[in-house]
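Letter by letter, the chains look like this.
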Amino acid sequence: MADTKREIERKYESGSGGLPDLTRVPGVASVRDRGVTHLDATYHDTTDERLAASAITLRHRTGGSDAGWHLKFPVAPGVRDEIHAPLSDTLPEELAALVRSRVRDRPLLPVVRLRSDRDVRHLLDADGRLLAEVSVDTVHAERLTGDGGTAQWTEIEVELADDGDPAFLDKVEKRLRKAGVRPSESTSKLARALAETAPGDGTPTPASTPAPATAPEAAPQRKRRSRTVGKPVTSGDHVLAYLRAQRDALVELDPAVRQDLPDSVHSMRVATRRLRSAFRTFRTVLDREVTDPVAADLKWLAGELGLDRDQEVLAERLRTALADLPGALVSGPVGDRLTTWSEARHAGARGRLSGILDSRRYLTLLDTLDALIDDPPLREKAGAKPEKTLTKAVRKDLDKLTALVTHAIELPPGSDRDAALHEARKKTKRTRYAAEAAVPALGEPAKELVRSMKSLQGLLGDHQDSVMARRTLRELAAVAHAAGENAFTYGVLHGREERRAEIAENALPEAWTSITEDLRPWTT
C-alpha cells in the first residue's frame, strides 16, 4: 500500500564554504550529524517528458530510510505531496494509475539516473525534537535517453519535519543567506538534471502540453488555427482560454479523485459541466459538428461522477438533519442504517469510478480535448471582438433562464413544479459558467452576473436537494419497516424536508425579482 505525506523543503546552491553554524538559527538547540547516505534514483517519464512538463516526479530509489517508489505532485512553491510505495522491480499499479490522465497510453521509461552522496544533519530543539533535516547532496546525473549526457553539482536541501511550522524554514534561510548561500534556480533535482543533460544546445525539450493521439474530424467549411498563446484578444481566444483551463482541471483532478480526496469528485464534475456549457453557449465561436460528440462524452463522465457526488451530498444532508432532531424524535437505529446505506453506496461508487477513469472512453476523451484545443473548430465569429459576441451568447442563456424561472413560479406546488425548478437550476449553472468564461473580456457586468447566478443556484439547489432527500427517506423508511423497525423518524425528517422545499419555493419570486433588478444591463 502507498503512503502519502506532505513534503515542504527548500533547495540552495552549495557554496564553497559548506554549511554555516546552524545552531545560530533561532529555536535550534543542537545539530546532530546523521552521516552520509548513498542514494541511487532512476526517474521515469514518457519520451516527451509529460510528467516533467507538469512538475511531477516519479522515481525508483534505493538507499536511505525510504527506499522504494516515490511519486511527487506539486502543491505550491517548495511544497509537494509525496506518495511512497514499497521497493519493487516494476512500477506499482496504484502509482501508475495516478499519472494515467497525463501519460495516457504512453509507456513510462527510465529517463534520468541520479546518484547522490547525502550528508545529513538534524536540527533539534531544546527537547530533542526534530525541526528540520538539512542535507548536502553531491549529485551525479546521467540521462538515460538520447545522447546520454551527464552533469554534476552539489546542493543544500532543507526539509521541514513532519507537522513542523513552515515559518521555521524562513529562519534557516536567513542564516544561510547571511553566510552567502543562495536559493537554487531549479525546483528539483530532476528539473536540473533534465536541463543540464539535455542534448544539443542544452535546452530541455519536454512537451508543455500532452500531444493528442488523433485529431477530431473537422467540418470542411470551418476555420482552423493553432492554440492561442499569450493574452486573449478575440472571442475565440477567450473561449479557448476557458476550455484550456477546464481541460487542465480535469487532468489535474484525476489523481485526487482516484485517492478519494475531499471535494475532488465535485470539482471534476464541475469542470466537465463548464466544458459542455462552453460548447453549447458559444456555438457561434465553435463548430458544434465537432463539439457535440465531445459534449456527449463529457455528459457521460459527469453522470458517472455524479453518482458518487450526489450520494455524498445527500448523505451529509441527512446526517445533519438527523443530528438536529431532539432525542425524543429519534426512534430506532436510524443513524446506523443511514451510515450503512452511505458507506455501501460510496464503496460501490468508488470501485466503479476507478474503472471509469481507466476506461478507453475516458482516456480517449482526454486525447480528444487536447486535439480540439490544439486545433480548434473555430467559426467566423471567433475572430470578432469579444464584447459583442460573448455578450450576445451570455444574454441568450439568460433569456432562456428567465423563461424557465417564470414558468416554474407560475406552476402550482407538486411534481411538475419540482421538475421545472430542476430545469431552471441546470440553466442557472449554464448561465453562470457562460458568465465566468466572459469575465476576462467583459469585466464587472459578467462578475455581477456570476454572483447573481450563484445566489439563485443556491436557492434552487436547496430545493432540489430536498426533493432527492425525500425520495431517499421514503426508500429508507420502507427498508426499515420491512426489517421491523420504527419508521417514525423518517417521517419526521421527510416533513422537515417538505418544509425546506416550501420555504425555498416561497422565497423564489422575491429573490428572482431582486436578481432581475441587478441584471438590467443584461436584459435591456
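Up top is the structure.
Everything quoted here is computed from the prediction, not taken from an experiment. (Residues numbered from 1 in each chain as written. Predicted model: local features only at pLDDT ≥ 70, side-chain atom pairs only at ≥ 80, totals over all residues. Heavy atoms only, no water.)

**Q** With reference to specific residues and values, describe the overall build of the chain.
**A** For the chain, the count of helices and strands is 15 helices and 8 strands. Along the first, second and third principal axes, the C-alpha atoms of the chain reach 80 × 70 × 45 Å. The buried share of the chain, reckoned over its 524 residues, is 49%. Of the contacts formed within the chain by residues at least 6 apart in sequence, a portion of 73% connects residues at least 24 apart. Working note: accessible area of the chain is about 24700 Å², and carbon and sulfur atoms make up 51% of it. (Helix = DSSP H or I, 4+ residues; strand = E, 2+ residues; numbered from the N terminus. Buried < 20%, exposed > 50% of the residue type's maximum accessible area, 1.4 Å probe, protein only. Contact = heavy atoms within 4.5 Å. Areas by Shrake-Rupley, 256 points an atom, 1.4 Å probe, with all protein chains shown as cover.)

**Q** Outline the layout of surface pockets, listing residues and values.
**A** Looking at the largest pocket, its volume works out to about 1200 Å³. Surrounding the largest pocket, 39 residues form its lining, Arg 269, Arg 273, His 422, Arg 425 and Lys 429 being those nearest its centre. Mapped by element, the contributors of at least two residues to the lining of the largest pocket are α7 (264-281), α8 (288-324), α9 (334-357), α12 (415-442) and α13 (444-482). Space inside the second largest pocket adds up to approximately 800 Å³. Taken together, 39 residues make up the lining of the second largest pocket; nearest its centre are Arg 61, Asp 66, Arg 118, Glu 133 and Glu 159. (1 Å grid on protein atoms, 1.4 Å probe; cavity = no way out; pocket = protein on both sides within 12 Å on 5 of 7 lines; lining within 4 Å. Points joined across faces, edges and corners; volume = space filled by probe spheres on them.)

**Q** Describe the packing of helix α6 (residues 235-258) against helix α10 (residues 360-374), naming the residues involved and giving the relevant values.
**A** One can describe the packing of α6 onto α10 by two numbers: an axis separation of 10 Å at closest approach and a directional angle of 150 degrees. The angle between the axes of α6 and α10 places the two elements in the roughly antiparallel class. Helix-helix and strand crossings are classified by hand; for α6 and α10 the assignment is left-handed. Residue-level contacts link Leu 243, Arg 244, Arg 247, Leu 250, Val 251 and Asp 254 of α6 to Tyr 362, Leu 366, Leu 369, Asp 370, Leu 372 and Ile 373 of α10. Its residues placed into classes, the contact of α6 with α10 shows 8 nonpolar, no polar and 4 charged. (Axes fitted to C-alpha atoms, helices over the stretch in contact; angles between N-to-C directions. Parallel < 35°, antiparallel > 145°, perpendicular 65-115°, else oblique. Left-handed = near helix turned anticlockwise from the far one by under 90°. Nonpolar A, V, L, I, M, F, W, Y, C, P; charged D, E, K, R; others polar.)

**Q** Can you lay out the sheet that holds strand β5 (residues 79-85) for me, pointing to particular residues and giving the numbers?
**A** Strands sit in the order β1-β5-β4-β3-β2-β6-β7-β8 around a closed barrel of 8 strands; the barrel is antiparallel. Ignoring which end each strand starts from, the neighbouring axes of this sheet average 35 degrees apart. Bridge count for strand β6 (residues 109-124) against strand β7 (residues 130-143) is 13 bridges, and the pairing is antiparallel. Directly across from Leu 123, in β7, lies its bridge partner Ala 132. The strands that helix α4 (residues 167-178) touches are β1 (3-13), β6, β7 and β8 (150-160); relative to β1, the one it contacts most, it runs at about 20 degrees. (Pairing = 2+ DSSP bridges.)

**Q** Quick one: what's the story with the pairing of β7, residue by residue and with numbers?
**A** As consecutive antiparallel partners, β6 and β7 are separated by 5 residues, and within that stretch Gly 128 has a phi angle of approximately 80 degrees, a positive value. Pairing of β7 with β8, which is carried by 11 bridges, proceeds in the antiparallel orientation. By the bridge assignment for β8, His 140 is matched with Gln 152. Where β7 folds back on β8, the antiparallel hairpin that results is connected by 6 residues, among which Gly 146 adopts a positive phi of roughly 65 degrees.

**Q** Lay out α10 in plain terms, naming residues and giving numbers.
**A** Between its terminal C-alpha atoms α10 stretches 21 Å, which fits the 21 Å expected from 15 residues at 1.5 Å a residue. Of all 15 residues making up α10, 11 are buried, and the element is well covered by its neighbours. (Expected span 1.5 Å × (residues − 1).)

**Q** Which residues make up a positive patch on the surface, and what are the values?
**A** Where like charges cluster on the molecular surface, the positive patch consists of Arg 280, Lys 299, Lys 381, Lys 388, Lys 392, Lys 396 and Lys 400. Considering each element in turn, the positive patch owes the most residues, 4 residues, to helix α11 (residues 386-410). Topologically, Arg 280 is positioned in helix α7. (Patch = residues over 30% accessible without salt bridge, like charges linked within 9 Å, V, L, I, M, F, W, Y side chains within 5 Å. Salt bridge = Lys/Arg side-chain N within 4 Å of Asp/Glu carboxyl O. Lys, Arg positive; Asp, Glu negative; His and termini not counted. Charge placed at Lys NZ, Arg CZ, Asp CG, Glu CD.)

**Q** Describe the side chain of Ser 135, listing the residues and the values that go with them.
**A** Along the chain, Ser 135 turns up in strand β7. Judged by its relative accessible area of 1%, Ser 135 is buried. The residues touching Ser 135, leaving out its near neighbours within four places in the chain, are Arg 118, Asp 119, Val 120, Glu 155, Ile 156 and Glu 157.

**Q** How would you explain the pattern of salt bridges if you had to name every residue and give the values?
**A** One side chain can pair with another of opposite charge once the charged atoms of both are near each other. Within the structure shown, the criterion is met by 54 salt bridges. For Glu 157, the salt bridge goes to Lys 11, with nearest N and O atoms at 2.4 Å. One end of the pair, Glu 157, is in strand β8; the other, Lys 11, is in strand β1, and 146 residues separate them in sequence. Like Glu 157, the residue Lys 11 is buried in the burial classification. Among the salt bridges present, the one from Asp 137 reaches Arg 118, with a minimum N-O distance of 2.8 Å. Taken together, the residues Asp 137 in strand β7 and Arg 118 in strand β6 connect sequence positions 19 residues apart.

**Q** Could you give me a rundown of the pairing of strand β2 (residues 30-45), with the residues and numbers involved?
**A** When β2 meets β6, the two strands line up antiparallel, connected through 15 bridges. In the strand pairing of β6, Thr 37 is matched with Arg 118. Here β2 pairs with strand β3 (residues 57-62) via 4 bridges, running antiparallel. Looking at β3, one finds that Thr 42 is bridged to His 60.

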